[in-house]
Amino acid sequence: MDIQSHLRDRQIIHSDPEIISGTPVFVGTRVPLQTFFDYLEGEAGLAEFLEDFPHLQAQVLIVLEAIAIINAGSGAN
C-alpha cells in the first residue's frame, strides 16, 4: 500500500476535483499533502510546517506514523 492510499483510508487526505483540481489535500483544508513533503525536503522542515499550519499537528503525526509503518513493511531502514 502506498502512503496516499493509507492516508485516504485513515481519512487524513482526500481528493476532490473541485478542490485544487483534485490534488490530495488534508481533509477540511486546502493544504496539499505535497506541501508537507516540500517542507520536509527543504530547509523549512517540520517545525516550520507546524508553525505555518498548527491546525494540522494531529494529522502530521498520523502522516509520519504512516510513513514509518509503510517503510517497516517494505523492509526499508
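Scroll up a little and you will see the structure.
Quick notes on the rules
Residues numbered from 1 in each chain as written. Predicted model: local features only at pLDDT ≥ 70, side-chain atom pairs only at ≥ 80, totals over all residues. Heavy atoms only, no water. Salt bridge = Lys/Arg side-chain N within 4 Å of Asp/Glu carboxyl O. Helix = DSSP H or I, 4+ residues; strand = E, 2+ residues; numbered from the N terminus. Buried < 20%, exposed > 50% of the residue type's maximum accessible area, 1.4 Å probe, protein only. Core = buried A, V, L, I, M, F, W, Y, C linked by side-chain atoms within 4.5 Å. Contact = heavy atoms within 4.5 Å. Axes fitted to C-alpha atoms, helices over the stretch in contact; angles between N-to-C directions. Parallel < 35°, antiparallel > 145°, perpendicular 65-115°, else oblique. Left-handed = near helix turned anticlockwise from the far one by under 90°. Nonpolar A, V, L, I, M, F, W, Y, C, P; charged D, E, K, R; others polar.

Peer 1: Any details on the pattern of salt bridges? Residues and values, ideally.
Peer 2: Scanning the model with the defined rule gives one salt bridge in all. The partner of R10 in a salt bridge is E65, and the shortest N-O contact between them spans 2.9 Å. On the criterion of sequence distance, the pair formed by R10 in the loop between α1 (3-9) and β1 (13-14) and E65 in helix α4 (residues 57-73) is long-range, its members being 55 residues apart. For R10, a relative accessible area of 37% puts it in the partly exposed group.

Peer 1: If you had to explain the nonpolar core to someone new, which residues and values would you point to?
Peer 2: In this structure, L7, F26, L33, F36, F49, L56 and V63 are the most contacted members of the largest nonpolar core, which totals 15 residues. Among the elements that line this core, the one with the most residues is helix α2 (residues 33-41), at four residues. If we ignore the near neighbours within four places in the chain, the residues touching L56 are F26, T29, V31 and F49.

Peer 1: Kindly report on the packing of α2 against helix α3 (residues 45-52), identifying the contributing residues and their values.
Peer 2: Close contact between α2 and α3 brings their axes to 7 Å; oriented N to C, the two are set at 140 degrees. Comparing their axes, α3 and α2 come out oblique. Note that α2 runs across α3; the crossing there is right-handed. Packed against α2, whose contacting residues are T35, F36, Y39 and L40, the element α3 presents G45, L46, E48, F49 and D52 at the interface. For the contact of α2 with α3, the residue count by class is five nonpolar, two polar and two charged.

Peer 1: Give a description of the packing of α2 against α4 that names residues and reports values.
Peer 2: At a minimum axis separation of 12 Å, α2 and α4 run at an interaxial angle of 75 degrees. Accordingly, the angle class assigned to the pair α2 and α4 is roughly perpendicular. Every residue of α4 that contacts α2 at L33, F36 and F37 is listed here: V60, V63, L64 and I67. Its residues assigned to classes, the contact of α2 with α4 comprises seven nonpolar, no polar and no charged.

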